[in-house]
Amino acid sequence: MYKNAKALCGFLDGSHSAYHAAANTAAALDEAGYTRLSEGDRWVLAPGGKYYTCRGGSALIAFRLPEGDPKGFLIAAAHTDRPSFKLKFRPELPGTYCRVSTERYGGAILSTWLDRPLSVAGRVLVETEQGAEARLVDIDRDLLLIPSVAIHMNRQANDGYKWDLTRDLTPLFGGKDDTGKFGKLLEKAAGGKILSHDLYLYVRQKATVWGGEKQFISAQGLDDLQCLYGCLQGFLHAGTGRSIPVLCAFDSEEVGSCSTQGADSTFLEDVLSRIAEGTVSGKNTLLQNSFLVSADNAHAVHPNHPELADPENAPVMGQGVVLKFNSNLRYCTDGLGAGIFHRICKTAKVPVQSYYNRADIPGGSTLGHISIAHISVPTADIGLPQLAMHSCYETAHLKDSAYLTAAMEAFFGSSLTITENGFSVE
Ligand code: ZN
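What you see is a predicted model, and the numbers here were worked out from it, not measured in a lab. Sequence order as written defines residue numbering, which begins from 1 separately in each chain. Totals for whole chains, interfaces and linings use all residues, but because this is a predicted model, local features are given only for residues with pLDDT of at least 70 and pairs of side-chain atoms are given and counted only at 80 or more. Side-chain calculation: all heavy atoms of the structure are included, whereas hydrogens and water are not.

Peer 1: An account of the overall build of the protein chain is needed here, citing residue identities and associated values.
Peer 2: Looking only at helices and strands, the protein chain has 10 helices and 22 strands in total. The globule rule used here is 2.2 Å times the number of residues to the 0.38 power, and the radius of gyration it is set against is calculated over C-alpha atoms. Expected size for 426 residues packed as a compact globule is a radius of gyration near 22 Å; at 22 Å, the protein chain falls within 12% of this value. On the principal axes, the C-alpha backbone points of the protein chain span a range of 70 × 60 × 40 Å. Within the protein chain, the proportion of its 426 residues that are buried is 53%. Partitioning the intrachain contacts of the protein chain with sequence separation of at least 6 by distance along the chain shows that 76% fall at a separation of at least 24. Residue burial considers only the protein chains on display, and all accessible areas are found by Shrake-Rupley using a 1.4 Å probe. Summed over its atoms, the accessible surface of the protein chain is roughly 18800 Å², and 50% of this surface lies on carbon and sulfur atoms. Computed over 39 positive and 46 negative side-chain charges, the inter-centroid distance for the protein chain is 4 Å. The way it works is that DSSP assigns letters per residue, a run of H or I at least four long becomes a helix, a run of E at least two long becomes a strand, and they are numbered from the N terminus. Buried means the residue's accessible area, taken with a 1.4 Å probe over protein chains only, is under 20% of the maximum for its type, while exposed means over 50%, and partly exposed covers the values in between. In what follows, residue pairs with any heavy atoms lying within 4.5 Å of each other are defined as contacts. A residue counts as positive if it is Lys or Arg and as negative if it is Asp or Glu; His and the chain ends are not included. Throughout, a charge is located at the NZ atom of Lys, the CZ atom of Arg, the CG atom of Asp or the CD atom of Glu.

This is the structure we're talking about:
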């Protein structure tokens, strides 16, 4: 079994919101001796130094500098968010029962959210004398539930039911007399008067390892915390090359990445510019020898629905990292990107599977093509094969986590040179 299974489950179970995922990534970097930088301060970066900076509380970029003048940036990007429901500003809905008002966040498979204990996690702004202080909140108990309508009252429940988002997905908190208690409970958890919040529902079911050989892992948020965790482990354990390893954890991928801390923000280019200021080569030269691995989970062939996959390029769980292709550039892997990624995985002895959407099923998009609009470097779109993407409880294979860690360790420890005629990796 994957030796880090317990640690991976711990990371997943501790990251019930994008804010918690960023905080847990930051904690791992702190433990490894990285210095936290504030974007509001002047940065003094030393050769051999290890740093990270956070933006918006839910995104983070970490990097370390080689001793000599660097060759370029080796970047891996994953995302911290997942489909969920965001609590409205004043969430309590009084009535016969006390319910909580939410708005859908991203493209969840709605049916998976019903009839299971839920809770709330995210960030709150607690009022202080002169403003507010951001604090993380995770109400660590079964608190809410969205009940199904009985089959006797909804005979189409098993025949492609059309959801009414406002009505069908509103969680139950308590009875008529419990009005006012939800807000109080949040304030108690926050330790002060809440001015505003970014709070999301999460399911209470913990991550589990299962299957005949204990090879599978099921958990919430595997898309994309499985990739984030694998990239982080590879980043922390890689040797030193002559390039600058950069780890990005972006927020907002599930809603198009357009936030101050998403892939469609200036976050990455701002950080790379500040790193480049202290180098002899300068940013434009560094970018010529740079590469982006956009790591976001991929669809494995479904055991009951193999017909939904491309017939020749259907990744199987447990058989390696997935390299995603799309000639219309929803995935931006081209020949050069694929070549570099294959070369790195060959060094790391990691198998690579190819993914194409079935020709008549458009599929999703991801971080890569959004990020390269800001930082235009060769890119490989990759992921780990998983089932039930955007269910509140997803399934993947532990072996693939080990493969990603090994691939990222090789990637971050290498030195890449890209010329007009090809590339070389040392
Ligand atoms: Zn994703």
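Peer 1: Report on unusual backbone geometry, specifying residues and quantitative values.
Peer 2: At the junction of D223 and D224, the peptide bond is cis and its omega measures out at 20° in the coordinates. With respect to the element layout, D224 can be found in helix α5 (residues 222-237). With a phi close to 70°, S252 is a non-glycine residue in the positive phi region. Within the secondary structure, S252 sits in the loop between β13 (244-250) and α6 (267-277). S252 sits in the buried class, given a relative accessible area of 6%.

Peer 1: Could you give an account of the sheet that holds strand β11 (residues 208-210), naming the residues involved and the relevant values?
Peer 2: Sheets are built from strands paired through backbone hydrogen bonds, the pairs being either parallel or antiparallel. For two strands to be treated as a pair, DSSP must find at least two bridges joining them. Reading across the sheet, the 5 strands line up as β11-β12-β20-β19-β15 and stay open at both edges, with mixed pairing between neighbours. The strands lining the two open edges of the sheet, one partner per strand, are β11 and β15 (298-299). Bridge count between strand β12 (residues 216-219) and strand β20 (residues 394-397): 4 bridges; the pairing is antiparallel. By the bridge assignment for β20, A219 is matched with E394.

Peer 1: Got a sec to walk through the pairing of strand β8 (residues 132-138)? Specific residues and values, please.
Peer 2: Within a regular strand, the side chains alternate between the two sheet faces. Relative to β8, strand β7 (residues 118-127) is paired through 7 bridges, and the arrangement is antiparallel. If you follow G122 over to β8, its bridge partner there is V137. Between the antiparallel neighbours β7 and β8 lie 4 residues.

Peer 1: So, the nonpolar core: which residues are in play, and what are the values?
Peer 2: By nonpolar core we mean a set of buried residues, namely Ala, Val, Leu, Ile, Met, Phe, Trp, Tyr and Cys, connected to one another through side-chain atoms within 4.5 Å. One finds F341, I382, M408 and F411 to be the most contacted residues of the largest nonpolar core, which totals 57 residues. Sequence-distant contacts of F341, that is, excluding residues within four places in its chain, are made with F291, V293, V321, L323, V352, A380, I382 and M408. One finds F85, V120, L144 and F182 within the second-largest nonpolar core, a separate group that totals 29 residues.

Peer 1: Explain the coordination of the zinc ion to me, and be specific about the residues and the numbers.
Peer 2: Six octahedrally arranged donors around a metal ideally form angles of 90 or 180 degrees; four tetrahedrally arranged donors ideally form angles of 109.5 degrees. Coordination of the zinc ion by the protein involves H79 (NE2), D223 (OD), D296 (OD) and D296 (OD), with metal-donor separations of 2.0 to 2.8 Å. Listed donor atoms are N, O and S within 2.8 Å of the metal (Na, K and Ca: 3.2 Å). As water is not included, a site may look incomplete. In short, tetrahedral needs four donors with all angles between 85 and 135 degrees, square planar needs four and octahedral six donors with opposite donors over 155 degrees apart and all other angles between 65 and 115, and whatever is left is irregular. The site at the zinc ion holds 4 donor atoms, and with the angles between them running 52 to 145°, its shape is irregular. Expressed as a motif, the donor residue spacing for the zinc ion is H-x143-D-x72-D. Of the two residues, H79 is situated in strand β4 (residues 73-79) and D223 in helix α5; the sequence distance between them amounts to 144 residues.

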